[in-house]
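If you want the building blocks of each chain, they are given just below.
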Amino acid sequence: MSDDAADPLKLIALDADDLAIVSAHLQDAVLKAVDLVYLPAEKRFALAARRFDWEGAQHGERRRRLTALHFDRVLNVRSAKLDPKDAGKVLNLLAITFDQGEEPAGDVTLHFSEGAAIRLSVECVEAQMKDLGPVWEAVATPGHPDEG
């Protein structure tokens, strides 16, 4: 019996709509500051995260998998409420958004819990997400308290 949800996911984002799909798959991914890297000479920002497999959750599976995400054509990176001295702190990625500037440029923002954020000034949206390696059982399904 094939388990489609266990198949590695590979996505490319070239606009805000594509980025919203990547964001949905990375909701509740966890990572640490040491999992983030900006390579200004290559105009690349990359991260490795342990994403919750939301597709598997629809089939009653609670799993996480190692996933890589990188953005190309990155001109600048800024962060808020992230302490570079606390490299071991676990960050919970909530969403990735795009704010259009002068087309096709704009800002990609990675939103983390506790109000932390990383903003990438980009020439255009150009990102790739790819699952790496094995799948493992997650301790719990991420939950979000009701707002309002």
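Preceding this section is the structure that the text describes.
Criteria and cut-off values
- Residues numbered from 1 in each chain as written.
- Predicted model: local features only at pLDDT ≥ 70, side-chain atom pairs only at ≥ 80, totals over all residues.
- Heavy atoms only, no water.
- Helix = DSSP H or I, 4+ residues; strand = E, 2+ residues; numbered from the N terminus.
- Rg over C-alpha atoms; globule rule 2.2 N^0.38 Å.
- Buried < 20%, exposed > 50% of the residue type's maximum accessible area, 1.4 Å probe, protein only.
- Contact = heavy atoms within 4.5 Å.
- Areas by Shrake-Rupley, 256 points an atom, 1.4 Å probe, with all protein chains shown as cover.
- Lys, Arg positive; Asp, Glu negative; His and termini not counted.
- Charge placed at Lys NZ, Arg CZ, Asp CG, Glu CD.
- Polar contact = N/O pair within 3.5 Å; in protein donor to acceptor, adjacent residues only side chain to side chain.
- Salt bridge = Lys/Arg side-chain N within 4 Å of Asp/Glu carboxyl O.
- Phe/Tyr/Trp six-rings, centres within 6.5 Å; stacked < 30°, edge-to-face > 60°.
- Core = buried A, V, L, I, M, F, W, Y, C linked by side-chain atoms within 4.5 Å.
- Arc of directions from axis to C-beta.

Enquirer: Whenever I open this one, the overall build of the protein confuses me. Can you help?
Expert: Across its full length, the protein carries two helices and ten strands. Each helix and strand of the protein, placed in order from N terminus to C terminus, yields the pattern β-α-β-β-β-α-β-β-β-β-β-β. For the protein, the C-alpha radius of gyration of 15 Å lies close to 15 Å, the compact-globule estimate for 148 residues. Along the three orthogonal principal directions, the C-alpha set of the protein runs to about 45 × 35 × 30 Å. Sorting the 148 residues of the protein into buried and exposed places 36% on the buried side. In the protein, once contacts between residues fewer than 6 apart in sequence are set aside, the share between residues at least 24 apart is 67%. For the protein, the computed accessible surface area is about 8,500 Å², with 52% contributed by carbon and sulfur atoms. The averaged location of the 26 negative side-chain charges in the protein is 6 Å from the averaged location of its 17 positive side-chain charges.

Enquirer: Just checking my understanding: could you explain the side chain of aspartate 131 for this structure?
Expert: Tracing the backbone shows aspartate 131 in strand β10 (residues 127-137). Residue classification places aspartate 131 among the buried positions, given a relative accessible area of 5%. A polar contact is formed between the side chain of aspartate 131 and the backbone nitrogen of leucine 9, at a distance of 2.8 Å. Side-chain polar atoms of aspartate 131 contact the side chain of arginine 65, separated by 3.2 Å. Residues contacting aspartate 131, with those up to four places away along its chain left out, are Asp7, Pro8, Leu9, Arg51, Arg65, Leu66 and Thr67.

Enquirer: Explanation requested: the pattern of salt bridges in the structure shown.
Expert: Charged atoms that come close allow side chains of opposite charge to pair. Under the criterion given, the structure shown has ten salt bridges. The closest approach of N and O atoms between arginine 50 and aspartate 35, which form a salt bridge, is 3.2 Å. Here arginine 50, found in strand β4 (residues 44-52), pairs with aspartate 35, found in the loop between β2 (29-32) and β3 (36-39); they are 15 residues apart in sequence, far enough to count as distant. In this structure arginine 50 comes out as partly exposed when scored by relative accessible area, which is 27%. Glutamate 123 is the partner of arginine 73 in a salt bridge, and the nearest nitrogen-oxygen pair spans 3.6 Å. Residue arginine 73 is found in the loop between β5 (63-72) and β6 (74-80), and its partner glutamate 123 is found in the loop between β9 (117-122) and β10; the two are separated by 50 residues along the sequence. By sharing partners, the salt bridges in this structure join Lys43, Arg73, Glu123 and Glu126 into a single network.

Enquirer: For this particular structure, what's the right way to read the packing of aromatic side chains?
Expert: Centre-to-centre distance and the angle between the planes together describe a pair of aromatic rings. Within this structure, the stated rule accounts for one aromatic pair. Judged by centre distance (4.7 Å) and plane angle (65°), the ring pair of phenylalanine 52 and tryptophan 54 falls under edge-to-face. Looking at phenylalanine 52, the relative accessible area reads 0%, which means it is buried.

Enquirer: Help me out: how do you make sense of the nonpolar core in this one?
Expert: Nonpolar side chains in soluble globular proteins generally cluster together in the buried interior. Phe45, Leu69, Phe71, Ile96, Val108, Leu110 and Leu120 are the most contacted members of the largest nonpolar core, which has 29 residues in total. With four residues, the single largest contributor to this core is strand β7 (residues 90-100). With near-sequence residues (within four places) excluded, phenylalanine 71 lies in contact with Leu19, Lys43, Arg44, Phe45, Ile96, Val108, Leu110, Leu120, Glu126 and Ala127.

Enquirer: Even after reading the chapter, I still don't get helix α1 (residues 16-26), so can you show me in this structure?
Expert: Because an α-helix completes one turn every 3.6 residues, residues spaced three or four positions apart along the sequence face the same direction. Those residues of α1 that fall on the buried side of the exposure criterion are Leu19, Val22, Ser23, His25 and Leu26. On an axial view of α1, the arc spanned by its buried residues comes to 165°, and they lie on one face. The backbone nitrogen of aspartate 17 lies 3.1 Å from a side-chain oxygen of the residue at the head of α1, namely aspartate 15. Just past α1, the residue aspartate 28 takes up positive phi, approximately 75°.

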